[in-house]
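Topology and contacts: notes
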Amino acid sequence: MPDSTIDCSSSTQSPRSSVNLTRRQLLAGAGAGAAALLIEPRGLKAQPPSSGTVVFSHTTVVNADAVQHDVALAVEGDKIAAIGETDAILGAYPRAAVYDGRGKALLPGLINCHAHLAATLARGFNEDFGFPNSYRLAIRPESLLSDEEATLMAVMGALESIRCGATTVVEYTGSIGRSAAALADTGLRFVFAESVRDVENGAGPVSAESLARSEAPRFSPKLRDEGWKRAQDLFDAWHGAREGRIRVFPTTALAEDSSPELLHAVRDFAEKHDLGYTIHLAQTRWEVEYMLRHHGLRPSAYLAKHDFLGPRLFAAHCRYVDDSEIALLGRSGTIVTHQAHMAGNRGVIPPIPALRAAGCPIAQGTDNNTNDMLETMRIALVTERILRDDATPGRQPQPEDMLADAAEGGARAVRQEALLGSLEVGKKADLVVLDTQRTHLVPAGRILSAWINNGQPSDIESVLVDGQFVMRDRKILTVDEESLIAEADKVGRRIWSQVEAASPVTVPRLPRS
Ligand SMILES: [Zn+2]
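Residues numbered from 1 in each chain as written. Predicted model: local features only at pLDDT ≥ 70, side-chain atom pairs only at ≥ 80, totals over all residues. Heavy atoms only, no water.

**Quick look at the packing of helix 14 (residues 373–388) against helix 16 (residues 447–454)**
Put simply, the rule reads: Angles run from 0 to 180 degrees between N-to-C directions of axes, and those axes are lines fitted to C-alpha atoms, restricted for helices to the stretch in contact. Going along the chain from the N terminus, every DSSP run of H or I of four or more residues is numbered as a helix, and every run of E of two or more is numbered as a strand. Put simply, angles under 35 degrees are roughly parallel, angles over 145 are roughly antiparallel, angles from 65 to 115 are roughly perpendicular, and the rest are oblique. Residue contacts follow a heavy-atom distance rule, with two residues in contact if any of their heavy atoms lie within 4.5 Å. Any residue that is not Ala, Val, Leu, Ile, Met, Phe, Trp, Tyr, Cys, Pro, Asp, Glu, Lys or Arg is counted as polar, Gly included; the first ten are nonpolar and the last four charged.
At a minimum axis separation of 8 Å, helix 14 and helix 16 run at an interaxial angle of 95°. In terms of axis orientation, helix 14 runs roughly perpendicular to helix 16. Of helix 16, the residues touching helix 14 (which contributes Leu374, Met377, Arg378 and Leu381) are Trp451, Ile452, Asn453 and Asn454. Per-class residue counts for the contact of helix 14 with helix 16 are five nonpolar, two polar and one charged.

**Focus: empty space enclosed by the protein**
Empty space left among the atoms is revealed by rolling a probe the size of a water molecule over them. Convention followed: Using protein atoms alone on a 1 Å grid, points that fit a 1.4 Å probe yet trap it form a cavity, whereas open point sets bounded by protein on both sides within 12 Å along at least five of seven lines form a pocket; residues with an atom within 4 Å of a point count as lining. Grid points are joined across faces, edges and corners, and a volume is the space filled by probe spheres set on the points.
A full pass over the atoms with the stated rule returns two cavities of 30 Å³ or more. Around the second largest cavity, the lining residues are Pro108, Gly109, Ile111, Thr167, Thr168, Leu419, Leu420, Gly421, Ser422, Leu423, Lys428 and Asp430. Classifying every residue of the lining of the second largest cavity by side-chain character gives five nonpolar, five polar and two charged.

**Some details on the sheet that holds strand 6 (residues 110–115)**
Note the following rule: When DSSP finds two or more bridges between two strands, those strands count as paired.
Spatially, four strands are ordered 6-7-8-9 in an open sheet, and the strand pairing comes out parallel. Either end of the sheet is taken by a strand with one partner, and the two such strands are strand 6 and strand 9 (246–252). Strand-to-strand twist across the sheet, computed as the mean angle between neighbouring axes with direction ignored, equals 15°. Pairing between strand 8 (residues 189–196) and strand 9: seven bridges, direction parallel. From the neighbouring strand, Glu194 faces strand 9, where its bridge partner is Pro250. The sheet strands contacting helix 8 (residues 260–273) are strand 8 and strand 9, and the helix crosses strand 9 at an angle near 155°.

**Side note on the sheet that holds strand 10 (residues 277–281)**
Judged by pairing direction, the sheet is parallel, and its four strands sit side by side in the order 10-11-12-13 without closing on themselves. If you trace the sheet from one side to the other, it starts and ends with strand 10 and strand 13 (362–364), each paired once. For this sheet the average axis-to-axis angle between neighbouring strands, irrespective of direction, equals 30°. Looking at chain direction, strand 11 (residues 313–317) and strand 12 (residues 335–338) are connected through three bridges and run parallel. Looking across to strand 12, one finds that Ala316 is bridged to Thr337. Taken strand by strand, helix 15 (residues 399–413) contacts strand 11, strand 12 and strand 13, and its axis lies near 100° from that of strand 13.

**Details of the packing of helix 3 (residues 147–163) against helix 17 (residues 481–502)**
The cut-off we apply is this: Handedness of each helix crossing follows the sense of rotation of the near helix against the far helix: counterclockwise by less than a right angle gives left-handed, clockwise gives right-handed.
Closest axis-to-axis distance for the helix 3/helix 17 pair is 10 Å, and the angle between their directions is 130°. With respect to their mutual orientation, helix 3 and helix 17 come out oblique. Crossing of helix 3 over helix 17 shows left-handed handedness. Residue-level inspection shows Glu149, Leu152, Met153, Val155, Met156, Leu159 and Arg163 of helix 3 in contact with helix 17, the latter providing Glu481, Leu484, Ile485, Glu487, Ala488, Val491 and Arg494. Looking at the contact of helix 3 with helix 17 residue by residue, the class counts come to nine nonpolar, no polar and five charged.

Written out as structure tokens, the structure is:
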């Protein structure tokens with residue numbers, strides 16, 4: 001199970017909606033005609049490639065390794081066609097639309113390698129009670145969502161992702177097919193990581209209580225086959241859809257949920273189709289205890305025994321890995337995706353310096369509730385500095401390292417390094433336009449440092465994915481954001497009023513004298 005109170009692996013949510021959420025409301029502005037909740041045949045609703053060429057003039061181009069000042073960047077179709085001196089670029093593209101880049105900075109789109117978008121429902125609740133969530137509500141909020149409402153929650157997360165600078169999101173859950181079309185319509189680039197599990201006597205991440213009463217796992221070929229069919233159907237319908245903007249990876253939820261057969265099936269499928277795959281790994285002490293008790297191995301060693309580690313795997317969290325596991329992960333070239341904000345909420349930061357030193361490439365993700373990759377980079381920056389305990393503290397890592405993790409590391413995790421992760425000629429035009437003329441960014445000796453340390457998502461004025469503006473001048477262009485917010489607010493208020501009526505939330509504040 002994901003790091004969530006949302007039962008993301010469930011495919012049996014019953015529609016109990018009293019809200020008449022129409023397709024028109026859900027997709028208004030997208031010009032879409034297909035049902036949001038159905039798996040859509042590949043290419044049925046493919047968008048035409050961009051015909052326009054755009055030149056960002058007299059601007060700053062920021063990559064992890066270099067910053068170019070007073071240059072122009074040309075976008076032609078879905079690609080970055082040129083970067084260079086503005087007059088020369090304008091001369092080469094005389095009919096291009098010109099985006100005045102003065103006072104702006106262009107950054108590569110950020111890649112969120114670990115999201116559960118529908119978990120937006122639990123904002124303001126799921127952050128503050130540990131993991132697995134120790135708060136026992138009488139009603140699970142997500143059980144009150146219809147399929148359409150769950151999709152709406154996921155779309156809200158996607159819109160937040162755009163506003164916070166992500167251009168690619170790994171949506172990691174079960175039954176993604178129900179939300180796939182609506183998510184694709186936001187214009188984001190996605191990896192849909194369809195989560196499969198085959199344990200029949202377990203229910204998601206192990207807690208102290210469930211560990212105490214746990215028995216040896218029993219694995220179910222039936223569950224495995226059902227989950228695997230879901231993954232295969234999603235792959236057939238969506239992998240490569242929308243001009244390749246959508247990819248589908250097979251995956252499993254947790255080490256404690258996965259039989260050796262399932263682990264092998266995921267890895268074999270990924271190898272056959274040249275895909276990546278992911279897992280939640282070493283999230284809690286109880287997960288480690290459970291694996292030792294029932295398999296005689298720590299979680300990473302169990303995965304190593306069944307050939308699951310390796311450079312196709314991006315393992316999320318790795319908070320409770322010991323030295324032997326760090327060595328295993330490093331030797332195998334396993335990528336670690338680091339959800340710094342959620343890790344901080346849970347009160348534990350994974351040993352990122354040791355994982356780096358062992359050879360693990362690092363990517364970043366948001367996990368639940370938030371989809372803000374700027375905040376994620378900032379928290380990753382400061383917490384890694386604290387963890388390092390250097391002789392001269394506060395020098396490493398640098399903001400450039402965070403952009404390298406969140407963009408280049410992410411591109412590696414989603415296996416699109418040749419196309420994503422930096423602003424280079426020939427790569428996809430997935431980019432973020434920052435307005436640098438903001439009180440908190442002027443003056444700035446180094447714009448990337450200023451933004452990661454001091455910036456706000458609202459500094460982002462435009463976002464392009466695959467050469468298309470999905471947000472321009474802070475307006476989302478792909479869906480009707482205003483009406484979606486109104487609907488989501490209505491759904492959220494209805495659900496939380498029911499939940500709180502059944503079990504008022506008591507906040508465990510610190511004692512005060
Ligand atoms: Zn998760």
